[in-house]
Each structure stands twice: as structure tokens, then as C-alpha cells.
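# Observations on chain architecture
Each chain is listed here by its residues.
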Amino acid sequence: MTETLDRLRLSRLGDDDLELLLLVRHFELKLLELYGRGELNGTTHTCLGQEYVPVSLRPLLGEHDHIFSNHRGHGHYLARFADPHGLLAEIMGREGAVCGGVGGSQHIHRDRYLSTGVQGESLPVAAGVALHLKRAEPGALACVYIGDGTWGEGAVYEALNLASLWRLPLLVVVENNGIAQSTPTTSQMAGSIAGRAAAFGVKHHLVVSTDVNEIRTSLEPLVTEVRDCRPLVVEFVTHRLGPHSKGDDIRPADAVQAARDNDWYVRYANDHPDQFHRLDRLVRAEVQAIADEVAARPLSRWEES
Ligand SMILES: Cc1ncc(C[n+]2csc(CCOP(=O)(O)OP(=O)(O)O)c2C)c(N)n1
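Model, not experiment: these values are computed from the prediction.

### Some thoughts on the site of the ligand
Neighbouring residues of the ligand: 15 residues in total, closest His-71, Arg-72, Gly-117, Gly-149 and Thr-150. Backbone polar atom of Gln-119 to a nitrogen atom of the ligand: 3.2 Å apart, as the coordinates give it. Thr-150 is positioned with one of its side-chain polar atoms (N or O) 2.7 Å from an oxygen atom of the ligand. Coverage of the ligand by the protein amounts to 75% of the 580 Å² it exposes when considered alone.

### Let's talk about the packing of helix H2 (residues 15-36) against helix H4 (residues 74-81)
In the contact formed by H2 and H4, the axes pass within 10 Å of each other and the chain directions differ by 140°. Classified by the angle between their axes, H2 and H4 sit oblique to one another. As H2 runs across H4, the sense of the crossing is right-handed. Of the residues in H4, those touching H2 at Leu-20, Leu-23, Val-24, Phe-27, Glu-28 and Leu-31 are His-74, Gly-75, Leu-78 and Ala-79. Along the lines of polarity and charge, the residues of the contact of H2 with H4 split into seven nonpolar, two polar and one charged.

### A few points about helix H6 (residues 122-136)
Given a rise of 1.5 Å per residue, 15 residues ought to cover 21 Å, and the 20 Å separating the end C-alpha atoms of H6 matches this to within 8%. Buried residues of H6: Ser-122, Leu-123, Ala-126, Ala-127, Val-129, Ala-130, Leu-131 and Leu-133, and no others. On its buried face, H6 is in contact with strand E1 (66-69), strand E4 (142-147), helix H7 (154-165) and strand E5 (170-176).

### Points about the pattern of salt bridges
Counted by the stated rule, this structure contains 17 salt bridges. Measuring nitrogen to oxygen at the nearest pair gives 2.6 Å for the salt bridge that ties Glu-51 to Arg-25. With Glu-51 in the loop between H2 and helix H3 (52-57) and Arg-25 in helix H2, this pair connects stretches of sequence that are 26 residues apart. Exposure remark for Glu-51: the relative accessible area of 0% places this residue in the buried category. On the accessibility criterion, Arg-25 (4% relative accessible area) is buried. Among the salt bridges present, the one from Glu-137 reaches Arg-112, with a minimum N-O distance of 2.9 Å. Of the two residues, Glu-137 is situated in the loop between H6 and E4 and Arg-112 in the loop between strand E2 (109-110) and strand E3 (113-115); the sequence distance between them amounts to 25 residues. Given a relative accessible area of 23%, Arg-112 falls into the partly exposed group.

### Overview of the packing of aromatic side chains
All told, the structure shown has eight aromatic pairs when counted by the stated rule. It is Arg-110 that lies over the ring of Phe-81; its NZ or CZ is 4.1 Å from the centre. Seen from the ring of Tyr-35, Lys-246 lies directly overhead, with NZ or CZ sitting 4.9 Å from the centre.

### A closer look at the pairing of strand E8 (residues 203-207)
Bridge analysis of E8 against strand E9 (residues 232-237) gives five bridges, and the strand direction is parallel. Paired with Val-207 across the strands is Phe-236, a residue of E9. After leaving E8, the chain enters helix H10 (residues 212-227) and then returns to the sheet as E9, a path that is right-handed.

### A word on the sheet that holds E5
The strands that make up a sheet pair up through hydrogen bonds in the backbone, lying either parallel or antiparallel. Across the sheet, seven strands lie side by side as E2-E3-E1-E4-E5-E9-E8; this open sheet has mixed pairing. Both outer strands of the open sheet, E2 and E8, are each paired with one neighbouring strand and no more. Relative to E5, E4 is paired through six bridges, and the arrangement is parallel. Residue pairing in the sheet places Cys-143 in a bridge with Leu-171 of E5. Packing of H4 onto the sheet brings it into contact with E1, E2, E3, E4 and E5, and relative to E3 it is tilted by some 170°.

### Considerations on the confidence of the model for the protein
On average, residues of the protein carry a pLDDT of 95, and 97% of them reach 70 or more. Segment residues 1-6: pLDDT under 50, and zero contacts once partners within four positions in sequence are set aside and those in other chains are kept.

### Here's the deal with the UniProt feature "domain: Dehydrogenase E1 component" (unreviewed entry) in the protein
Per the UniProt annotation, the sites labelled "domain: Dehydrogenase E1 component" (unreviewed entry) are residues 23-269. The span residues 23-269 is 43% helix and 15% strand, and its two end C-alpha atoms sit 15 Å from each other.

### A look at a nonpolar patch on the surface
The grouping of Leu-206, Val-208 and Val-237 at the surface amounts to a nonpolar patch, some 250 Å² of accessible area in total. Looking at the element boundaries, Val-237 is found in strand E9.

### Observations regarding the environment of Gly-49
With respect to the helices and strands, Gly-49 occurs in the loop between H2 and H3. Residue classification places Gly-49 among the buried positions, given a relative accessible area of 9%. For the pair Gly-49 and Arg-260, spaced 211 residues apart in sequence, the C-alpha separation works out to 8.1 Å. When neighbours within four sequence positions are excluded, Gly-49 is seen to be in contact with Arg-25, Thr-238, His-239, Leu-241, Asp-263 and Trp-264.

Thresholds, definitions, all that
- Residues numbered from 1 in each chain as written.
- Predicted model: local features only at pLDDT ≥ 70, side-chain atom pairs only at ≥ 80, totals over all residues.
- Heavy atoms only, no water.
- Near = heavy atom within 4 Å.
- Polar contact = N/O pair within 3.5 Å; in protein donor to acceptor, adjacent residues only side chain to side chain.
- Areas by Shrake-Rupley, 256 points an atom, 1.4 Å probe, with all protein chains shown as cover.
- Axes fitted to C-alpha atoms, helices over the stretch in contact; angles between N-to-C directions.
- Helix = DSSP H or I, 4+ residues; strand = E, 2+ residues; numbered from the N terminus.
- Parallel < 35°, antiparallel > 145°, perpendicular 65-115°, else oblique.
- Left-handed = near helix turned anticlockwise from the far one by under 90°.
- Contact = heavy atoms within 4.5 Å.
- Nonpolar A, V, L, I, M, F, W, Y, C, P; charged D, E, K, R; others polar.
- Expected span 1.5 Å × (residues − 1).
- Buried < 20%, exposed > 50% of the residue type's maximum accessible area, 1.4 Å probe, protein only.
- Salt bridge = Lys/Arg side-chain N within 4 Å of Asp/Glu carboxyl O.
- Phe/Tyr/Trp six-rings, centres within 6.5 Å; stacked < 30°, edge-to-face > 60°.
- Lys NZ or Arg CZ within 6 Å of the ring centre and 35° of its normal.
- Pairing = 2+ DSSP bridges.
- Right-handed = clockwise from strand over helix to strand, strands pointing away.
- pLDDT = per-residue confidence, 0-100.
- UniProt positions renumbered as here; feature names shortened; annotations may be inferred.
- Patch = residues over 30% accessible without salt bridge, like charges linked within 9 Å, V, L, I, M, F, W, Y side chains within 5 Å.

What follows is the structure, given as C-alpha cells:
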């Protein structure tokens, strides 16, 4: 019994990692609150429960690497730039917005970071960028985040085919949260993600842990291999804590409970209460202050360059 509990205990993180995890968590909760009050337009997909994925990858990716994100991308952006003001301003359409307020939650472009709400669109683009990097900037890679449901898009297979054939420095990060909007993965996917990667001769690595230190240690040598032009699919078995976008959660109660049981936030609070509560209070207040400050800004203006 002790052994099992020890194994489930999350290892202690540095304050900077925990602060980033908490920043993403409270940013996402704040967005749902703002939507609930009618203060935001459009839609948004939060990464609640999945925050540890980009936080684990953060130090493994450098500024020369390209990151391609998807519709559930706030955590990806915050792990890359630690810029909650710019992201919230983008979502709220306020001055200081990363893309002048025309990209919103899903369509962000900044330096070597690009997100799209169109499922599967980014993988062929990332493969093309990986080809360019291989030729022009050896050692750099293209990292692309997709969900399990996105494996229903044919473009994924076209990209994997060429990534393998041309030995591209392409890192495909799959956040397998077991559901695509309202369709459970088990209802739409034959075989497995591992089997599909294997069909193209692409290495596959499964991550079931939510322990940031442990994940990093396991991924570090694999990411080095990608830099050496060996493409990789890393599949995180994860849980979507919130609804697909806003009020559209039709999962059965036991599925939601399973997500809650796996939530790193609750587990970390239990395992390291002093550090957790000190930083949780701090970051929660920070996010509140950011939201107040950004909401008071004038509307953003789009200026064509
Ligand atoms: C080409 C395309 N088809 C449909 C949609 C609508 N849509 C947005 S997210 C989503 C489900 C995505 O599921 P998954 O890839 O598993 O990611 P998750 O939402 O679970 O993170 C769908 C169908 C879309 N954005 N693009």
C-alpha cells in the first residue's frame, strides 16, 4: 500500500514550474468566469487538467524551435512566452493583444509560434517547416500539438509519411484526453495511435504520468533524437477537466470524476501543501489583477502592415 502511494506522489517542482502550472490553471478558470459573465466574444477551449503537458516540454524546446498549436492552445502559448497580458488582451480584443485582437483564442502568431483552430491543418505545415529547419538550421525542430480526435484527419498521415521518409525533425505531441468534443475516442478510432505511428516507421512514446520532472527526464533523450532528424510521436494520456469549449460538457458523471481524480492540481496540493498554497494564492491574485488591468484597456486596433 505504501509503495502504491509513494508511486502516486508527485515529485516536488521548482517554484517557477509550479507558478507556470498555476498561471495556466487560473488563466483558464478566469476565462470561463469571464465568458460566464458575457464579457468575452466567440468561443474558447481551455486546457484545464492538461496544463502539465506544455509545462513539461518547456525547457526541452528552445527559441529556435517552431511550435504549432491547436484550438486548445492557451497553455502552449503561456509555456512558450509567459505572456498572460498579451494573450488575454488578444482574447478580449484589447490594446496590447498579441495579434491585434483579430486572432482571438485560437489563431495566434508570434515569432516561431503559430496556432490554428482547424484540426489537422498544422501538421503538414509543421512538416514543411521541419524540412526547412533540417536544411537551414540543423538541430532545430518543429513541435506540433494535436488531440486524439485529430487523427481522423488525412493530413496527419500525409505529414507522418513524409516526416518518416525525409527524416524530418518533427515532434508530434498528442494530448489524448479520450474524447473529441462529444465523441469518445473508443467510438471513433480503430487500432491505436502507437500502431498508426508504427505504420509509418515513426517512433512512438507513451506518457501516462502527470509528474513534470518524471516526464521531462523521460523525454529529454527522445527530443535530442528528434533534433537529429528522427521524428517522434509522444502520446500523453491525459484528462480534459472542463467542457470541450464552454457549456458543452455531455460526458457521463463517472468520466468527469475520473478526470478530477487524475487532476495534478489536487494531487500536488495534497503532496506539497505549503509550497502549493503559498503560490496558489499568489498566482490567483496575479491573474485577477491581470484580468482587471486588461479589461480596463481600450479596444485593440488592427493595423495592416
Ligand atoms: C477540420 C475541423 N473539423 C472540425 C472542427 C471542430 N472541432 C474543433 S475541436 C474538435 C474536436 C477536437 O478533438 P481532439 O483533436 O481530440 O482535441 P481536444 O478538443 O480533445 O483537445 C472539433 C471536431 C475543426 N476545428 N476543424
